[in-house]
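Tertiary structure, described
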Amino acid sequence: MDTVITTDKLTKKFGAFVAASELTFEVGKGEIFGFLGANGAGKTTAMRMLCGLLAPTSGKARIAGYDIYTQTERIKRSIGYMSQKFSLYDDLTVSENIRFYGGIYGMSRAAIRTKTATLLEELQLGNEASTLVRELPLGWKQKLSFSVSIVHDPEIVFLDEPTGGVDPVTRRQFWDLIYAAADRGVTVFVTTHYMDEAEYCNRVSIMVDGVIAALDSPANLRDHYGHASMEDVFYELARKANRKE
Amino acid sequence: MKTLYFLLEKEFRQLLRNRQLMRTLLLAPLIQLILLPLAADYTVKDIQIAVTDNDHSPSSQRLIAKITASGYFRLAGYTASYPEALRMVEQDKADLALQIPAHFERDLVRENNKQLYVAINAIEGTKANLGGAYLQSIISDFNDDLRIQWNVPASDTPQVTVTSSNWYNPLLKFPLYMVPAILVTLVTAMVAMQSAFNIVQEKESGTIEQINVTPIKKHIFIIGKMIPFLALGIVLFTMGLLVGRILYGIVPVGSLWVLYGSLIVYLFSMLGLGLLLATYSFTQMQAMSLSFFFINIFNMMSGVFTSVDSMPGWAQTIVATFPPSHFIKIMRMVVLKGSGFSDILPKLGAMALIGLFLNTWAVLNYRKTA
Amino acid sequence: MKQLFTFIRKEFLHVFRDRKTLLMLFGLPIAQIVLFGFALSNEIKDSRIALVDYSKDAVTTRLIGKIEASHYFDIQHTLASADQLNAAFKRGDIKMAVIFPANFGDDLTHTGKATLQIIADGSDPNQATTITNYLQSIVNDYNAELARDAQQPLQIRPEVQMLYNPELRGAPNFVPGVMALVLMLVCTMMTSVAIVKEKELGTMEILLVSPFKPIYIIISKLAPNLLISIVNLFIILILSDIFLDLPVKGSIALLVFCSILFILTSLSIGLLLSINAKTQQAAMMGSLMGMMLPTMLLTGFLFPIENMPFILQALSNLVPSRWYFIIVKRVMLKGLGFSAVWKETLILAAMCFLLFAISLRKFKIRLQ
């Protein structure tokens, strides 16, 4: 497998508090990699390190082939990111948002135009091209956020709890988008609370108290722990946790 | 470079869509420039004087008549005793009290000199100064009149006389003094506070994190934030100039190039401040508090209302680090006196230096990675 | 009651945990009092002037000596010709120029009169007038000397006494003004922004759904700012006494009572402002643009109200800080008692009551 993310004992300490400890794993190209954990387990810290938002205390990592310490700017060019707060500009329209992010990532104007048309069609937002994002319903905002995060066709996209607060139908549609992206070769690194979403991933890791307690495909994990659902697997591992948010 | 273009496009779109901001942009110059010069009239006139005339002689009457005829003073009242007059001053019914003692006229002739007693409410320094000066000059005039009237040989003493004129503002009109300074305060509040607010808003809403993940270099991001507010400041300033022209007939004597050049240097320094404050604030409330702190001090201490030259040395040193104090001086110099580039160079240099310092500090503070 | 205290405690925690805002809340008044009290002054001295002496005789030398000796002036340049004046003014080097025409002394002796010329930089009108007057008074002195030598009869001698502030310091005028300004601005801004912030965050709705009376919510919002302002008041008074030699000459209790009235008025204004503002930014801008200007202008400490056009004078009657300013001056600086300020206190109390009632009602309506 072509690895796009490799980490070796990646650690983050805030003073004496160890938020993430010696994380070691690999993610392959085109994988949908789920990153689970209870609140306070260290998921967000881990993700922020991989995105270049947080400098690790120790350990090594390579993202899209670039070193996490010395080549953060190169990493940023090769990744996409969607944060919990969605991070689209409320006071800009749909197409203006697409245009902005496309431009930031160095796409040519022609490319941006084509991409905008494609996106609008895919998301069925054709009529809303000139609508301010603030006026879109939550589900549409989410889908748009995702599409904007991969507007520049990055190798990896990081999603931080992307489906909070929407109905199951919209969530399903959102995951359709993720599948489509993964099929195109985009690696998807997603953190989530929803255990049914864990089942959609190729492989899943569960963090407890800053450490990776388990890492495997959902099927294997269910077998290993002898549970019918990921939810039960998660519950077994997470309830032993000492840290609560 | 291209990223800067897209950044600026976004920023301007957002700014122009901010209707509340645009409204303030239009109204603020108008309101401030109308209200302030109207109210900010330091000319001391209609000074209330309480008079106690214990002499009741023709001379004392004439003196009082002369005082009230001068146009500077208004008779607040006649009192029977001096303590009563003082009480009027105490109650803010009069600004000055004058006592003409009993037998004033008689003693003046007999002994060739006689006192008059004046008490002035000195809480407000300018008024006290000027009020006292006016009164003394009226009394001195009266003194000369008396000598002429009584045909006292004036022994032909030589006298030095004075002619005075005022350059650059011959009629000593206050708006000419205030409007250049008001233009500065207008631009300062808008630019420094708004830029700080804007950046902190991105922090609070999370969009700044999105930017941090992109390959946008931090200096590009900062420039992308500064340019729109620079533009805003220039627009505001121009509007202010126009209003000043229409309402008060103020036309800058000096070169517009010099004026706008100084404006840009000044905006550069104030934007640096806004940026710096934004790096230290996490919430809009904090940004507001910090910028308000500085703006208020700038407004009071930079020579808008009181002259910097009246301050003690240590205060003047502190004020020298405030860009507004330099720009206000520059404004008055260029607009009223036509000062040129070389004349304002020291102040321009000071502003540039401070601006460089603030901006560097801000850029160093702003880190994409925590 | 216990509920009320819970609310108040929460509000206090909000405020006190935000250190940067605390900096402004306490730092601003302190900084302002110290800075303004010491630095702001209307006194004019050491004005830089230039001399052009075309005559260079005993008389001009004597006059120049007198000018030099006075602390009003600082002779910056002695120029050879008046042509250089414009450049010097433009550079901002000098504020005034004194020109002695040729044959000054001769003219004085032979014709009994000699005229010198003063040119002042009119861009600062009051300064120009004042230093022109100062120079005139030096000339008058000189003339008096000449007269004394010739035994001038009928000399009227005015004796002038400066009351309440003999050294003409700026502090007595500015400190009460700054008190009014700071208390007013801080209270309105802080209150309005704090309330709008809760609206924005959505936590306001939680409060509304609870069984607590709306008035508790309001009181709890106002309470921290009230306390902070009172503490600020005391800090200002203490600083004025120690550093600026401005003790409270009159009754402290009266001063504190009126101050509390004023603070409550400002808090009510903040409440009113918060009702219409949708965002924190709007609340801040509203307080600033809406309140700062009128307060600074119409309070009367920067510019005399009597000088203003009638409409502004009328408007200033509506500004609470104007009345408070008068009360502070009379009680703190002049040491007068209630009998001297009862009218102003009544007006302030009426404003306070009215504003509070109106804002309370509007707020309740909005909450519904």
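Residues numbered from 1 in each chain as written. Chains lettered and ligands numbered in written order. Predicted model: local features only at pLDDT ≥ 70, side-chain atom pairs only at ≥ 80, totals over all residues.

**Section: the overall build of chain B**
Rules: Helix numbering and strand numbering both begin at the N terminus, where a helix is a DSSP run of H or I of at least 4 residues and a strand a DSSP run of E of at least 2. With C-alpha atoms as the basis for the radius of gyration, the globule rule is written as 2.2 Å multiplied by the number of residues raised to the power 0.38. Exposure in this text rests on C-beta crowding, where 20 or more other C-beta atoms within 10 Å of a residue's own make it buried, 12 or fewer make it exposed, and counts in between make it partly exposed. The C-beta atoms are placed from the backbone. We call two residues in contact when their backbone-placed C-beta atoms lie within 7 Å.
Across its full length, chain B carries 14 helices and five strands. Compactness check: chain B gives a C-alpha radius of gyration of 28 Å against a globular reference of 21 Å for 370 residues, more than 25% above the reference. For chain B, the C-alpha atoms occupy an extent of roughly 95 × 40 × 40 Å along the three principal directions. Here chain B holds 370 residues, and the buried ones make up 49% of them. Across chain B, every contact between residues at least 6 apart in sequence was considered, and the portion connecting residues at least 24 apart equals 78%.

**What about the overall build of chain A?**
The helix and strand inventory of chain A stands at nine helices and ten strands. For chain A, the C-alpha radius of gyration of 18 Å lies close to 18 Å, the compact-globule estimate for 245 residues. Considered along the principal axes of its C-alpha atoms, chain A spans approximately 50 × 40 × 35 Å. Taking contacts inside chain A between residues at least 6 apart in sequence as the whole, the part at least 24 apart equals 68%.

**Points about the interface of chain B and chain A**
Many descriptions give the size of an interface as the accessible area lost when the pieces come together. Spelled out, the test is: In the scheme used here, Gly and all other residues not listed as nonpolar or charged are polar, with Ala, Val, Leu, Ile, Met, Phe, Trp, Tyr, Cys and Pro taken as nonpolar and Asp, Glu, Lys and Arg as charged.
Counting residues at the interface gives 19 residues for chain B, matched by 22 residues for chain A. Secondary structure elements with two or more residues in the side of chain B that touches chain A: helix 1 (2–17) and helix 8 (207–213) of chain B. Examining the composition of the side of chain B that touches chain A, we find that seven residues originate from one element, helix 1 of chain B, more than from any other. Here the side of chain B that touches chain A is composed, by residue class, of five nonpolar, nine polar and five charged.

**Structural notes on the pairing of strand 1 (residues 3–14) of chain A**
Residues and elements named next belong to chain A. Counted only if it meets this: Note: two strands are recorded as paired if DSSP finds a minimum of 2 bridges between them.
Here eight bridges tie strand 1 to strand 2 (residues 17–28), and the two strands are oriented antiparallel to one another. For T6, the partnering residue across the bridge sits in strand 2 and is E26. Here strand 1 folds back onto strand 2 in antiparallel fashion, the turn holding two residues, of which G15 has a positive phi close to 70°. Note: strand 1 against strand 4 (residues 58–63), five bridges, orientation antiparallel. Opposite D8, over in strand 4, you have K60 as the bridge partner.

**Quick notes on the interface of chain B and chain C**
Each partner contributes to the interface: chain B provides 96 residues, whereas chain C provides 95 residues. Counting residues per element, the ones that place at least two in the side of chain B that touches chain C are helix 2 (19–39), helix 4 (82–90), strand 4 (113–121), helix 6 (125–149), strand 5 (159–167), helix 7 (174–205), helix 11 (284–301) and helix 13 (323–337) of chain B. For the side of chain B that touches chain C, the per-class residue count stands at 48 nonpolar, 35 polar and 13 charged. Relative to strand 5 (residues 155–163) of chain C, strand 4 of chain B runs parallel, the two sharing nine bridges. Paired with N121 of chain B across the bridge in strand 5 of chain C is L163 of chain C.

**A closer look at the pairing of strand 3 (residues 96–100) of chain C**
Residues and elements named next belong to chain C. Among the five residues that make up strand 3, five are buried, leaving the element largely enclosed by the rest of the structure. Alternating positions in strand 3 separate into two faces, M96, V98 and F100 on one and A97 and I99 on the other, with burial throughout. Bridge count between strand 1 (residues 47–53) and strand 3: five bridges; the pairing is parallel. Within strand 3, the position partnered with A50 by the bridge is A97.

**Some points on the domain arrangement of chain B**
Where we set the bar: An automatic or database domain assignment supplies the residue ranges for each domain.
Splitting chain B by domain gives domain 1 (15–40 + 172–365) and domain 2 (47–149). Using only C-alpha atoms to locate each centre, domain 1 of chain B and domain 2 of chain B end up separated by 47 Å.

**A closer look at the packing of helix 3 (residues 94–104) of chain A against helix 1 of chain B**
In plain terms, the rule: The angle between two axes is taken between their N-to-C directions and runs from 0 to 180 degrees, where each axis is a line fitted to C-alpha atoms and a helix contributes only its stretch in contact. Angles below 35 degrees are treated as roughly parallel, those above 145 as roughly antiparallel, those between 65 and 115 as roughly perpendicular, and all remaining angles as oblique. Should the near helix be turned anticlockwise from the far one by less than a right angle, the crossing is left-handed, and should it be turned clockwise, the crossing is right-handed.
Where helix 3 of chain A meets helix 1 of chain B, the closest approach of the two axes is 8 Å, and the angle between their N-to-C directions is 155°. Overall, the two elements helix 3 of chain A and helix 1 of chain B adopt an arrangement that is roughly antiparallel. The handedness of the crossing between helix 3 of chain A and helix 1 of chain B comes out as left-handed. On helix 1 of chain B, the residues touching E96, F100, G103 and I104 of chain A of helix 3 of chain A are K2, T3, F6, K10 and R13 of chain B.

**Concerning the sheet that holds strand 9 (residues 203–208) of chain A**
All names here are of chain A. Reading across from one edge, 6-7-8-3-9-10 is the order of the six strands in this open sheet, with mixed pairing throughout. Edge positions in the open sheet fall to strand 6 (79–82) and strand 10 (211–216), since each of these has one partner strand only. On average, adjacent strands in this sheet sit at an angle of 15° to one another, irrespective of strand direction. When strand 3 (residues 32–37) meets strand 8 (residues 187–191), the two strands line up parallel, connected through four bridges. Bridged to I32 within strand 8 is V188. The strands touched by helix 6 (residues 168–183) are strand 3, strand 7 (156–160) and strand 8; relative to strand 8, the strand with the most contacts, the crossing angle is about 145°. Its contacts with the sheet put helix 9 (residues 230–238) on strand 3, strand 9 and strand 10, and the angle it makes with strand 9 is roughly 25°.

**Comments concerning the sheet that holds strand 5 (residues 66–67) of chain A**
Strand order in the open sheet made by the four strands is 2-1-4-5 (chain A), with antiparallel pairing throughout. Pairing within the sheet leaves two strands with one partner each, and these edge strands are strand 2 and strand 5 of chain A.

**Some points on the packing of helix 7 of chain B against helix 11 of chain B**
Residues and elements named next belong to chain B. One way to put it is that helix 7 packs onto helix 11 with a least axis distance of 9 Å and a crossing angle of 165°. Considering the angle they form, helix 7 stands roughly antiparallel to helix 11. Handedness of the helix 7/helix 11 crossing: right-handed. Contact residues: helix 7 offers T185, T188, A189, A192, M193, A196, F197, V200, Q201 and E204, while helix 11 offers Q284, A287, M288, S291, I295, F298 and N299.

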